[in-house]
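# Secondary and tertiary structure notes
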Amino acid sequence: MNEQTQLESIKKHLDKALTYSEYKELVGDLLKEDKSTGFTQNESYLNYSKLGFSRMNRWEKTSELTAEQIEAIQKVTKKQTWLVITEGWCGDAAPVIPIMNKIADINPLITFKLILRDENDELMSQFLTNGGKSIPKLVSFNAEENDLLFIWGPRPKEAADLVAKEKAEYGKLRDEFKITLQKWYNQDKGKNIAEDLVNCLKATD
């Protein structure tokens, strides 16, 4: 994918991006109407969205960064925007997004924004994973220098390895595997997510 084309697409869609609090408010307001974000509205997506919203609130309170990670984040001198393509029903987004927000809160040079996948298909199409529209997808860029810094997602490395193994063996993600993956996230307590993101951040300086 051409980096310049990707950056142009980001700039074109950036006015639709939300802050973390705006995103949470949107998801929460839709849930009050028994709706989820995105174009697909059914009971399954609504339930996924309810679970995700609850998990986001829990991860905000329970996930922690290590002293070493905090120090590394504070040392970053490259101004950047973290734009996350996501949806409220996304199971992988629930543990990932709160940790991204915590990282951005530590360093004022990092601006954290979120944008919905289904409403911004042109943008999503610039950041596919193996040809698919997997989310969450984090794109870090510096608009002033027209520089695409890194792309991350949709999962931390260890979780991605589990998913790859599942697909290789069964050709899809079984419902029972989704429970297994959620348990992995809970047991890992965000360590793999934070490690991945901090390593990406270090590489930008």
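Our structure's up above, just so we're on the same page.
### Structural notes on empty space enclosed by the protein
Considering all chains together, one arrives at one cavity of 30 Å³ or more under this definition. Taken as a whole, the largest cavity encloses approximately 30 Å³ of empty space. As for the largest cavity, its lining consists of Ser63, Glu64, Leu65, Ile99, Lys102, Lys189, Gly190 and Ala194. Of the residues belonging to the lining of the largest cavity, the class tally is three nonpolar, two polar and three charged.

### What to know about the sheet that holds strand β2 (residues 110–116)
Neighbouring strands of a sheet are bound in pairs by backbone hydrogen bonds; such pairs are parallel or else antiparallel. Taken in spatial order, the four strands make up an open sheet running β2-β1-β3-β4, and their pairing is mixed. The sheet terminates laterally at β2 and β4 (147–152), the two strands that pair on one side only. Adjacent strand axes in the sheet meet at a mean angle of 20 degrees, parallel and antiparallel pairs treated alike. Relative to β4, strand β3 (residues 137–142) is paired through five bridges, and the arrangement is antiparallel. From the neighbouring strand, Phe141 faces β4, where its bridge partner is Leu148. Seen against the sheet, helix α9 (residues 191–202) touches β1 (80–86), β2, β3 and β4 and runs at an angle of roughly 160 degrees to β4.

### Concerning the nonpolar core
Ranked by internal contacts, the top residues of the largest apolar core, which has 57 residues, are Ile10, Trp82, Met100, Ile103, Phe112 and Leu197. Among the elements that line this core, the one with the most residues is helix α5 (residues 93–106), at eight residues. Leave out the neighbours within four places in its chain, and Trp82 touches Met100, Ile103, Ile110, Thr111, Phe112, Lys113, Leu138, Val139, Ser140, Phe150, Leu197 and Leu201.

### What about unusual backbone geometry?
Residue Pro136 follows Ile135 across a cis peptide bond; omega there is 0 degrees. Structurally, Pro136 can be placed in the loop between α6 (121–124) and β3. For the bond running from Gly153 to Pro154, omega is 10 degrees, close enough to zero to count as cis. By the element assignment, Pro154 lies in the loop between β4 and α7 (157–170). Here the phi dihedral of Asp34 falls at roughly 55 degrees; this positive angle occurs in a residue that is not glycine. Take Asp34: it is sitting in the loop between α2 (20–32) and α3 (43–62). Notably, Asn130 is not glycine yet its phi reads approximately 50 degrees, a positive angle. Along the chain, Asn130 turns up in the loop between α6 and β3.

### Points about the pairing of β1
In terms of residue burial, β1 counts as a mostly covered element, since seven of its seven residues are buried. With burial as the criterion, each face of β1 is covered, one bearing Gln80, Trp82, Val84 and Thr86 and the other bearing Thr81, Leu83 and Ile85. Sheet topology places β1 next to β2; seven bridges connect them, and they run parallel. Looking at the pairing, Leu83 lines up with Lys113 of β2. At this point the chain moves from β1, through α5, to the parallel β2, and the crossover so formed is right-handed. In this structure, β1 lies alongside β3, joined through five bridges in antiparallel fashion. Looking at β3, one finds that Ile85 is bridged to Lys137.

### What to know about the packing of helix α8 (residues 175–188) against α9
A pair of packed helices is captured by two measures, namely the crossing angle of their axes and the spacing between those axes. Packing of α8 against α9 leaves a shortest axis separation of 7 Å and a crossing angle of 75 degrees. Classified by the angle their axes make, α8 and α9 are roughly perpendicular. Together, Trp184, Tyr185 and Asp188 of α8 and Lys191, Asn192 and Ile193 of α9 make up the contact between the two elements. Split into classes, the residues belonging to the contact of α8 with α9 amount to three nonpolar, one polar and two charged.

Rules and cut-offs
- Residues numbered from 1 in each chain as written.
- Predicted model: local features only at pLDDT ≥ 70, side-chain atom pairs only at ≥ 80, totals over all residues.
- Heavy atoms only, no water.
- 1 Å grid on protein atoms, 1.4 Å probe; cavity = no way out; pocket = protein on both sides within 12 Å on 5 of 7 lines; lining within 4 Å.
- Points joined across faces, edges and corners; volume = space filled by probe spheres on them.
- Nonpolar A, V, L, I, M, F, W, Y, C, P; charged D, E, K, R; others polar.
- Pairing = 2+ DSSP bridges.
- Helix = DSSP H or I, 4+ residues; strand = E, 2+ residues; numbered from the N terminus.
- Axes fitted to C-alpha atoms, helices over the stretch in contact; angles between N-to-C directions.
- Contact = heavy atoms within 4.5 Å.
- Core = buried A, V, L, I, M, F, W, Y, C linked by side-chain atoms within 4.5 Å.
- Buried < 20%, exposed > 50% of the residue type's maximum accessible area, 1.4 Å probe, protein only.
- Right-handed = clockwise from strand over helix to strand, strands pointing away.
- Parallel < 35°, antiparallel > 145°, perpendicular 65-115°, else oblique.

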